[in-house]
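# Coordinate analysis (summary)
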Amino acid sequence: MKFRAVMIDAGPMREFTNIVSTISRLSKECILRLSPDKIYLIVSEDNSGPAPPMLWCEMPQSTFFLEYQIVGVDDEHKDIYLGIVSANLSKSLVTLKTAKCLKMKLTKKQCPCLTLEIEMPSSTSQQSRQVTHDIPVVVIPRKMWSEFHEPRVPHPDISIELPALKQLRTTIDRMKCMSPEVVIRASAEGRLTLQIKTDLAKVSTRFKDLRVEAFEGPIDHSDSETETQTMEDVSRTCYCRVDAKKFSMFLSADQISHNRTICSIVHKKLVILCLQTEENVKLQCFITGIVY
Amino acid sequence: MKCHIPGPNVKVLGRTIHALARFGDELYLESSPDAILLRTLNAAESAYAMIKFNKVFFSYFNYNFYSTDDKEGLKCKISMKSALNAFKSPTHMDKQVENLEIKLDPESCKLIFIVKCKHGIVKTHFVSILDCKAMQAVYSKDLVHSRITCSQKIFTEALGNFQSSDDQVTIEANSNSFIIRNYIDCNIDLTKVIRTQINIKPTEFDSYVIGTETIITFTLKEFKALLGFAEALSLPLQLQFEITGKPVVFIVHNGTTFEAHFVLATSKPDTNTQASSTQNSSAVKRKRKEVHIKSNSPIKKKLHLDVDLSKYLDEDSHLFNYIDIPIEKDLNNIDELVHNKTTGSQSILHDNMECDNIIPASPTSKIKIKAIFKRCFESTFDPRSIQGLVLAENSDSE
């Protein structure tokens, strides 16, 4: 097993730092999967059972790295899966925003380590200084790889573009304080509604004129308890009740400069949030619906 | 003693007090005919700071204001918290304060700070004096072979790379390279910590002279505090150090007005522990716990200072010279004895912490502990080593 990669451009370095720091805020530990053409950051549910990943981030290596060499265990297993404490990685990368060059290596220094060699410019002279971080990692054995495959999801009923994440986040953070669950409702007409219900109040925020990417209607509401809303064709809306905390966690990804964010809903079952950047980074978050 | 400090200098004094507050909980003030000295020592006695303000720092200075016969100057110890109260928000102090007056009357039990602010506001702080002793560390300065002068920025930037959980740093200096590392304790699980190393080219420093190449380890908390002090006053920093076990001295000075010395104890990183087995490290942990109960104080390295007075040479646990105001030699000796006794239990730590041969052998209690666990460290079990009764005999070879 060998891995070595070099990054020298400021843009990708900043992007990489942002992605890693976002993920470190979402989860304590993550899986770094290195493959010949992409690198993945995978987060599973905290109560680690055989649950599908919650967060799936893939980055094409060619846009980030100048040099990229990887040798797997054998020809059939070209990937390397590493368990890493995400905070360790993000804290070590904090200085990357001003760095000249980053070298990543897989090393064995008393324990398996991901070694980051960062070349920093000196503020006082023309010299540069070398900073080395050895981050301990756990090499995930092959038999456990299957736990970290991209989850297979049912075809979403609707995919709708989300409004600006910052705006959405402030809304959710307010709602989160009042109720642990939020209902996300999307209609084929481009309306997105976030709704909470408490004993005292029902709060909903509506976003209009959003672009609908795909709609697989009509939705069957025969077994649902939803009160029929006037003015709206029920068969053209679908909803899902999710954990507000998880939703808000994903929205903290707004510091990654992104092109667009798509929210896909499998009616009453699953919400898939997908953030895409210019560099073809895809950050996907899977939040399962809460059903009573 | 009575002195006046002009507005801009009050800010400097405020910064000083704030920096010292990050070292110790008590502040020692001593006046001499031409200067005022502020000193502090941290609880673990591994860090000491001394800041000397010369006469020119003050707009008015009279050390013998109350005209006593005492030629020694006045000494007092106050709590750091009360000193901090008089210097809240040092950043704005120069804009609000016009003048600060400090009064110390040998007859009184209060140290008085009179802060004259703008618009005729006068704040008077009466600070209780806890003690009339002075404290002084003995360390060598200017005689050492390794010296580095640089802007504090280099270190501040370097420390930015470390994790907030790191509490000690190791400096490895030789004439061609200068490496700062986070110190990994021998009982920490290596798979949990990040090891960080920063390689700084010696040419980055303003001056760089290394007499003997050395590896020194000292605490990060105090280091950060003194860097903050140098940063606030935008003054360069000078490091003076010798070899492992001898203290490292940081000097910040502004030509003639003031001079600050920060002395940090150093210890040698125990390199062999990195290869040690988990069994070993857990034993060390247990051992340390025992020591912890015994000493009943926050465990840190003991300051191991180079003492130039010959009488201190063989008692390395004695670091500080407590001087009583009326100097009575007998009393002083008793004081020393008591001090030695109290530090005796702490010196058990020496071998444990520093794994270093320079430190003389500790009391026997530690060896006893070692003997209990000794067999665990032997690679194979040797039945011959057990002497005495055989309680259960070997069964027949048949």
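Counting from 1, residues in each chain are numbered in the order their sequence is written. Chain letters start at A and ligand numbers start at 1, both assigned in the order the entries are written. Per-residue local features of the predicted model are confined to residues with pLDDT of at least 70, and side-chain atom pairs are confined, for both listing and counting, to 80 or more; whole-chain, interface and lining totals are unaffected and use all residues. To obtain the side-chain values, all non-hydrogen atoms of the structure were included, while hydrogens and water were left out.

Looking now at the confidence of the model for chain B. All names here are of chain B. Confidence scores labelled pLDDT are given residue by residue by the predictor and lie between 0 and 100. When pLDDT is averaged along chain B, the result is 71; 66% of the residues meet or exceed 70. Throughout, a residue-residue contact means that at least one pair of heavy atoms, one from each residue, lies within 4.5 Å. pLDDT under 50 marks residues 271-372. Its contacts with residues more than four places away, or in other chains, come to 153 contacts. Across the whole predicted complex the pTM is 0.71, and at the interface the ipTM reaches 0.78.

Below, the discussion takes up the pairing of strand 7 (residues 97-104) of chain B. Residues and elements named next belong to chain B. Among the 8 residues of strand 7, 6 are classified as buried, and the element is accordingly described as predominantly covered. Whether two strands pair comes down to DSSP finding at least two bridges between them. Secondary structure elements are defined from DSSP: runs of H or I of at least 4 residues count as helices, runs of E of at least 2 residues count as strands, and each element is numbered from the N terminus. Pairing of strand 1 (residues 2-6) with strand 7, which is carried by 5 bridges, proceeds in the antiparallel orientation. Each bridged residue has a counterpart across the sheet, and for H4 the counterpart in strand 7 is E101. Where strand 7 hands over to strand 8 (residues 110-117), the hairpin turn is made up of 5 residues, counted between the paired strands. Think of it in three bands: residues with accessible area under 20% of the maximum for their type are buried, residues over 50% are exposed, and the middle band is partly exposed, with areas taken using a 1.4 Å probe on protein chains only.

This part takes up the sheet that holds strand 9 (residues 128-136) of chain A. Taking strand neighbours across the sheet as the criterion, the 9 strands line up as 5(A)-1(A)-7(A)-8(A)-9(A)-14(B)-13(B)-12(B)-16(B) in an open arrangement whose pairing is antiparallel. Among the strands making up the open sheet, the edge pair consists of strand 5 (67-71) of chain A together with strand 16 (214-219) of chain B. Looking at each pair of strands side by side, their axes are set apart by 15° on average, direction ignored. Direction of pairing for strand 1 (residues 2-7) of chain A relative to strand 7 (residues 101-109) of chain A: antiparallel, over a ladder of 4 bridges. With axes taken as lines fitted to C-alpha atoms, and helix axes fitted only over the stretch in contact, angles between N-to-C directions fall between 0 and 180 degrees.

Before going further, it helps to spend a moment on the interface of chain A and chain B. The partner chain B presents 23 residues to the 22 residues of chain A that form the contact. Note on definitions: salt bridges are taken to be side-chain nitrogens of Lys or Arg within 4 Å of carboxyl oxygens of Asp or Glu. Our enumeration of links across chain A and chain B arrives at 2 salt bridges. Close ionic contact of R129(A) with E204(B) constitutes a salt bridge, the shortest N to O distance being 2.8 Å. A 3.5 Å cut-off defines polar contacts: any pair of N or O atoms within that distance qualifies, except that in protein one atom must be a possible hydrogen donor and the other a possible acceptor, and neighbouring residues in sequence count only when both atoms are side-chain atoms. Linking chain A with chain B are 9 residue pairs in polar contact (both at pLDDT 80 or more), by the criterion used here. Of the residues forming the side of chain A that touches chain B, the biggest block, 9 residues, is contributed by strand 9 of chain A. Here strand 9 of chain A pairs with strand 14 (residues 195-200) of chain B via 5 bridges, running antiparallel. Across the sheet, the residue bridging to D134(A) is R195(B), located in strand 14 of chain B.

Once that is clear, we can look at the sheet that holds strand 16 (residues 237-243) of chain A. All names here are of chain A. Spatial ordering of the open sheet is given by 14-13-12-16, a layout of 4 strands whose pairing is antiparallel. Unpaired on one side and paired on the other, strand 14 (202-207) and strand 16 mark the two borders of the sheet. In this sheet, neighbouring strand axes are inclined to one another by 20° on average, regardless of whether the strands run parallel or antiparallel. As judged from the 4 bridges shared by strand 12 (residues 181-187) and strand 13 (residues 192-197), these two strands associate in the antiparallel manner. Bridging across to strand 13, I184 finds its partner in L194. Along the sheet face, helix 4 (residues 165-178) touches strand 12, strand 13 and strand 14 and points at about 170° away from the line of strand 14. Strands strand 12, strand 13 and strand 16 of the sheet are contacted by helix 5 (residues 244-251), whose axis makes an angle of about 95° with strand 16.

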